[in-house]
Amino acid sequence: MGEILVLVDHVDGAVRKPTLELLTLARRIGEPSAVFLGKGADAATETLGRYGAQKVYVVDAAEVDDYLVVPKADALAQIAESASPAAILVPSSADGREIGARVAVRLGSGLITDAVDVVAGENGPETEQSVFAATYQVRAHVTKGTPIITVKPNAATPEEAPATPAVEAVSVTFSAAATGTKIVATAAREKSDRPELTEADIVVSGGRGVNGAENFVVIERVADALGAAVGASRAAVDAGWYPHSHQVGQTGTQVSPQLYIAAGISGAIQHRAGMQTSKTIVAVNKDEDAPIFDLVDYGVVGDLFKVMPQLEEEINKRK
Amino acid sequence: MKIVVCVKYVPDATADRGFNEDGTTDRESVDSLLSELDEYAIEQALQIVESGVEAEITYLTVGPDDAREALRKALAMGGDKAIHVSDDDIQGSDALGTSLILAKAIEKAGFDLVVCGMASTDGAMGVLPAMIAERLGVPQVTYLDEVSVEGGVVKGRREGDVASETVEASLPAVISVTDRTGEARFPSFKGIMAAKKKPVEELDLDDLEIDSDEVGLSASWSTVDAATARPARTKGEVVTDEGEGGVQLAAFLAAKKFI
Ligand SMILES: Cc1cc2nc3c(=O)[nH]c(=O)nc-3n(C[C@H](O)[C@H](O)[C@H](O)COP(=O)(O)OP(=O)(O)OC[C@H]3O[C@@H](n4cnc5c(N)ncnc54)[C@H](O)[C@@H]3O)c2cc1C
Ligand SMILES: Nc1ncnc2c1ncn2[C@@H]1O[C@H](COP(=O)(O)O)[C@@H](O)[C@H]1O
C-alpha cells in the first residue's frame, strides 16, 4: 500500500485530536506517515505511533514557528516530492487549508477541502463533503497529481493501531517566500477546561436571546453539566458577550457534534451552515416561528432563562 | 500604488442552491450576486485609500457574462476601474484553474496589494488567496480581522488556530479579510451613477495567454462523482414550556443517552 502523508496539528508537541482522526482515515487508504513540523516531536512520536504512524518526518526549524503558512508548505512539499506519497491528508484548519493550497499549486496536484469522510476508491481516495450550508453531500476524487485532502474535525473516530514509527529528521531548504509573512506577536487565548468546540461531542450555544455577557453563565452551566463545549451565534459574539473563537457558523467554526443545543438562536442560514450536520439538534427559543425549529429533533418554545436552569438541575439530578 | 480587489459573483446563499448534471454549480436557476464576504474586501481597500495611502483600486472577477453585475456593485461603492475575465472555456474551473486565471490577470493589471474576501460563499474553500500568493510569488497575510498599510508594509491581526496573531509583510502581498473588519458601506445614489462611467475591461483566455486546455471542467484537478441533496431534517417534537420545559428536554436527552 502507498504511503499517506498526514500533516500533524499540534501545540508544542501536544497532538490535537483531528490528527488522530486523520491517521485513522489514512489507514483506510494506505500506510500513514506523520509529518511533524516545529518543536516537540519527541513528545508527539509515541502518540503518533499509537494511532498507526509507521514513520514520523520531523522538521524542527525556527521558520516554521515564526512565519505564516509558507515554511510549512515548503516542508510538506519537499517531503512529498521525495516520498511520492499516494495521498496527503491535512487538518481543515485555516492554516491547514492554506498549506494544502500552496502544496497543490507547487506539486500540480488536485485539492479537496473540508472532507467529512475519506475512503479507498477505484481512482484513489474518495471524499465526502457537505456543501451549500450542508444542504448537499458531494462525493469527489482528485484526478491529477497526488491527492491533497483537507479533512474536517470529527470525520472519524480515532482508533489505536500501535506501531513503532521510524523517525526521520528532515532538513528543509526554505523558499525565498518562506520568511515573507512574519508573526510579530501572539496572544494565546484563555485556556478553558471545557472541550474544544470542533472536538466536542456536545455543543451548547447561546445567541442574542442570552442578552448580555453576564448571562452566558446560563449556557455555560448546562454545558458543564453535559461536559460540552460552549458556542455562540455571531450576534452574541458581535455584541461582545462571548469570544469570537466560539462563534459557530459560516464565518466561525463549523461543528458536527453528536448533540447541538441552541438557546436564544434564531437559526439564520449562516448559523445553520456551521451546525446543520450535527447528529441531534435541540433548541430553546421563545419564538415558536424561529427557523431553528425546522431543524430540531426536539424543541422547547419558552424562555431560556427558565428552561436552561431547569434543564441543568434535571441533568445533575439524573447523574 | 495599485490595489486589486478580487470579487466573486455567486448564487444567492439564501436561495435553494444546487448542482448541474456534470457536478458543476447550478448558476442558472438561482439569482446571483456579489459574494457578501467580498464586500468586506472592497470596504477595506476603500478604507486603505481613505487612510491616506495613494492608490488606484481595480476590481477583478472571473466569471460568466452577468458577473459584471458584481463589478458594477463594487464600483458603486467606490474605486476606479474593473477587469472582467470571461471565456466559455473557463466554465467548471476548480480552485487551481481559477487561481491561475486570477494570478495572470493580476500580473497583467500590475499590483502592490491584492485584497480578497476570506472565502467565497459558494465554494467556501478559502484557498484562493493562498494559491494566488503562491503563483505570484509574494507573501500572503490572510484572515485579517484588522488591516493597515503604511510605508510599504501591510499589517494585521488574525485569529490563528490556537492564538491571536499580529502579522506583517512587505508589499507586494496578497491579503484576505474577514467579516469582522467592519460593515461594508452601501452604494450611494451618486456612487451608482458614477459607477456607470467607470471603465470595465473585458479579457478572455487569449488575452491572458492561457491555453484553454489548462482550465475549465475538463482540465479540472478534481472531479465530482455525485452530488446529492441531503434529506431535509425532519422536524421533531416541539413542546411549549408550561413550567416543565427543562424537565421534558432532559427526558428527551436521557432517552437519547446524552445523560
Ligand atoms: C457574511 C455573514 C456571515 C455570517 N456568519 C455567521 C456565523 O458564522 N454564525 C452566525 O451565527 N451568524 C452569522 N451571521 C449572522 C446571521 O445572519 C444572524 O444574524 C445571526 O446568526 C443571528 O444570531 P442570533 O440567532 O443569536 O440572533 P437573532 O436572529 O436576533 O435571534 C435571537 C433569537 O433569540 C430568541 N430569544 C430572545 N430572547 C429569548 C429568551 N429569553 N428565551 C429564548 N429565546 C429568546 C428570539 O426569539 C430569536 O429567535 C453572518 C451574517 C453575514 C451577513
Ligand atoms: N471567480 C473569482 N473571481 C474573483 N475573485 C475570486 C473568484 N473566486 C474566488 N475569488 C476570491 O478569492 C476569495 C476566496 O475564495 P475561495 O477560495 O473560493 O473561498 C474570495 O473571497 C474572492 O476574493
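- An unreviewed UniProt entry lists chain A under the name Electron transfer flavoprotein subunit alpha/FixB family protein, with Yinghuangia soli as the source organism.
- For chain A, the Sequence similarities (unreviewed entry) comment in UniProt is given as "Belongs to the ETF alpha-subunit/FixB family."
- Taken directly from UniProt, the Subunit (unreviewed entry) text for chain A runs: "Heterodimer of an alpha and a beta subunit."

Quick notes on the overall build of chain A
Part 1: Helices and strands together make up the secondary structure of chain A, namely 9 helices and 17 strands.
Part 2: In summary, chain A has a C-alpha radius of gyration of 21 Å against a globular reference of 20 Å for 319 residues, a match within 12%.
Part 3: Taken over the C-alpha atoms alone, chain A extends approximately 60 × 45 × 35 Å along its principal axes.
Part 4: Taking all 319 residues of chain A together, the buried fraction comes to 59%.
Part 5: When contacts within chain A are restricted to residue pairs at least 6 apart in sequence, those whose partners lie at least 24 apart make up 64%.
Part 6: Of note, chain A has its 28 positive side-chain charges centred 2 Å away from the centre of its 41 negative side-chain charges.

Observations regarding the site of ligand 1
Part 1: Taken together, 28 residues lie around ligand 1, and Arg-208, Ser-233, Val-248, Ser-266 and Asn-285 of chain A are the ones closest in.
Part 2: For ligand 1, an oxygen atom lies 2.9 Å from a polar atom in the backbone of Arg-234 of chain A.
Part 3: Interatomic distance of 3.1 Å between a backbone N/O atom of Lys-286 of chain A and a nitrogen atom of ligand 1.
Part 4: Protein contact buries 83% of the 980 Å² of open area that ligand 1 shows by itself.
Part 5: Counting residues per element, the ones that place at least two in the shell around ligand 1 are helix 7 (234–238), helix 8 (269–272) and helix 9 (304–318) of chain A together with helix 1 (36–50) of chain B.
Part 6: By residue class, the composition of the shell around ligand 1 is 7 nonpolar, 14 polar and 7 charged.

Brief notes about the packing of helix 4 (residues 70–83) of chain A against helix 5 (residues 94–107) of chain A
All names here are of chain A.
Part 1: Running from N to C, helix 4 and helix 5 point in directions that differ by 50°, and their axes come no closer than 9 Å. When the interaxial angle is binned, helix 4 and helix 5 end up oblique. At the point where helix 4 passes helix 5, the crossing takes the right-handed sense. Contacts between helix 4 and helix 5 involve Val-70, Lys-72, Ala-73, Asp-74, Leu-76, Ala-77, Ala-80 and Glu-81 from the former and Asp-95, Ile-99, Arg-102, Val-103, Arg-106 and Leu-107 from the latter.
Part 2: Considered class by class, the residues forming the contact of helix 4 with helix 5 number 8 nonpolar, no polar and 6 charged.

Looking at the interface of chain A and chain B
Accessible area lost upon the coming together of the parts is a frequently used measure of interface size.
Part 1: Opposite the 85 residues of chain A that make contact, chain B presents 79 residues.
Part 2: When chain A packs against chain B, the two sides together hide about 7,100 Å² of surface, and 56% of this comes from carbon and sulfur.
Part 3: Remark: the boundary between chain A and chain B carries 7 salt bridges.
Part 4: Here Arg-102 of chain A makes a salt bridge to Glu-134 of chain B, at a shortest N to O gap of 2.9 Å.

Considering the pairing of strand 10 (residues 148–151) of chain A
Residues and elements named next belong to chain A.
Part 1: Residues of strand 10 alternate between two faces, with Ile-148 and Thr-150 on one and Ile-149 and Val-151 on the opposite face, all of them buried.
Part 2: Judged from the 4 bridges that link them, strand 6 (residues 87–91) and strand 10 form a sheet pairing that is parallel. Bridging from a neighbouring strand, Ile-88 pairs with Ile-148 of strand 10.

Some remarks on the domain arrangement of chain A
All names here are of chain A.
Part 1: Domain annotation for chain A reports domain 1 (3–179) and domain 2 (202–318).
Part 2: Put simply, the middle of domain 1 and the middle of domain 2, counted by C-alpha atoms, are 32 Å apart.
Part 3: Each partner contributes residues to the interface: domain 1 has 6 residues there, and domain 2 has 6 residues.
Part 4: Both faces combined, the contact of domain 1 with domain 2 buries some 460 Å², and carbon together with sulfur accounts for 57% of it.
Part 5: The tally of links between domain 1 and domain 2 comes to 0 salt bridges.

Some words on a nonpolar patch on the surface
All names here are of chain B.
Part 1: Together, Phe-189, Ile-192 and Met-193 make up a nonpolar patch on the protein surface, roughly 310 Å² of accessible area in all.
Part 2: Here Phe-189 is to be found in helix 5 (residues 189–195).
Part 3: A relative accessible area of 64% means that Phe-189 is categorised as exposed.

Here's the deal with the pairing of strand 1 (residues 2–6) of chain B
In regular strands, side chains alternate between the two faces of the sheet.
All names here are of chain B.
Part 1: Most of strand 1 is tucked away, with 4 of its 5 residues classed as buried.
Part 2: As defined by bridge partners, strand 1 adjoins strand 4 (residues 56–62) across 5 bridges and the pair is classed as parallel. Of the residues in strand 4, the one forming a bridge with Ile-3 is Ile-57.
Part 3: In the sheet, strand 1 pairs with strand 6 (residues 113–117) via 3 bridges, with the strands oriented parallel. Each bridged residue has a counterpart across the sheet, and for Val-4 the counterpart in strand 6 is Val-114.

Things to note about the environment of Arg-157 of chain B
Residues and elements named next belong to chain B.
Part 1: Summarising the element assignment, Arg-157 is placed in strand 8 (residues 153–159).
Part 2: Here Arg-157 falls in the partly exposed class, since its relative accessible area comes to 25%.
Part 3: C-alpha separation for the pair Arg-157 and Val-141, spaced 16 residues apart in sequence, amounts to 9.4 Å.

Regarding the nonpolar core
Part 1: In this structure, Val-5 and Tyr-59 of chain B are the most contacted members of the largest nonpolar core, which totals 77 residues.
Part 2: When sequence neighbours within four positions are dropped, the list of residues in contact with Val-5 of chain B reads Ala-41, Ile-42, Ala-45, Ile-57, Thr-58, Tyr-59, Leu-60 and Val-115 of chain B.
Part 3: Counting 35 residues, the second largest nonpolar core, distinct from the first, contains Ile-219, Leu-259 and Met-308 of chain A together with Ala-250 of chain B.

Digging into unusual backbone geometry
Outside of glycine, negative phi angles account for most residues, and trans bonds account for most peptide bonds.
Part 1: Going from Leu-171 of chain B to Pro-172 of chain B, the amide bond is cis rather than trans, its omega being 0°.
Part 2: Examined against the element boundaries, Pro-172 of chain B turns out to sit in the loop between strand 9 (163–170) and strand 10 (173–177).
Part 3: For Ser-84 of chain A, which is not a glycine, the phi torsion comes out positive at approximately 40°.
Part 4: Mapping Ser-84 of chain A onto the fold places it in the loop between helix 4 and strand 6.
Part 5: We classify Ser-84 of chain A as exposed; its relative accessible area is 57%.
Part 6: Even without being glycine, Glu-209 of chain B reaches a positive phi, approximately 55°.

Definitions and cut-offs
Residues numbered from 1 in each chain as written. Chains lettered and ligands numbered in written order. Predicted model: local features only at pLDDT ≥ 70, side-chain atom pairs only at ≥ 80, totals over all residues. Heavy atoms only, no water. UniProt positions renumbered as here; feature names shortened; annotations may be inferred. Helix = DSSP H or I, 4+ residues; strand = E, 2+ residues; numbered from the N terminus. Rg over C-alpha atoms; globule rule 2.2 N^0.38 Å. Buried < 20%, exposed > 50% of the residue type's maximum accessible area, 1.4 Å probe, protein only. Contact = heavy atoms within 4.5 Å. Lys, Arg positive; Asp, Glu negative; His and termini not counted. Charge placed at Lys NZ, Arg CZ, Asp CG, Glu CD. Near = heavy atom within 4 Å. Polar contact = N/O pair within 3.5 Å; in protein donor to acceptor, adjacent residues only side chain to side chain. Areas by Shrake-Rupley, 256 points an atom, 1.4 Å probe, with all protein chains shown as cover. Nonpolar A, V, L, I, M, F, W, Y, C, P; charged D, E, K, R; others polar. Axes fitted to C-alpha atoms, helices over the stretch in contact; angles between N-to-C directions. Parallel < 35°, antiparallel > 145°, perpendicular 65-115°, else oblique. Left-handed = near helix turned anticlockwise from the far one by under 90°. Buried area = accessible area lost by both parts, 1.4 Å probe. Salt bridge = Lys/Arg side-chain N within 4 Å of Asp/Glu carboxyl O. Pairing = 2+ DSSP bridges. Domains from an automatic or database assignment. Patch = residues over 30% accessible without salt bridge, like charges linked within 9 Å, V, L, I, M, F, W, Y side chains within 5 Å. Core = buried A, V, L, I, M, F, W, Y, C linked by side-chain atoms within 4.5 Å.

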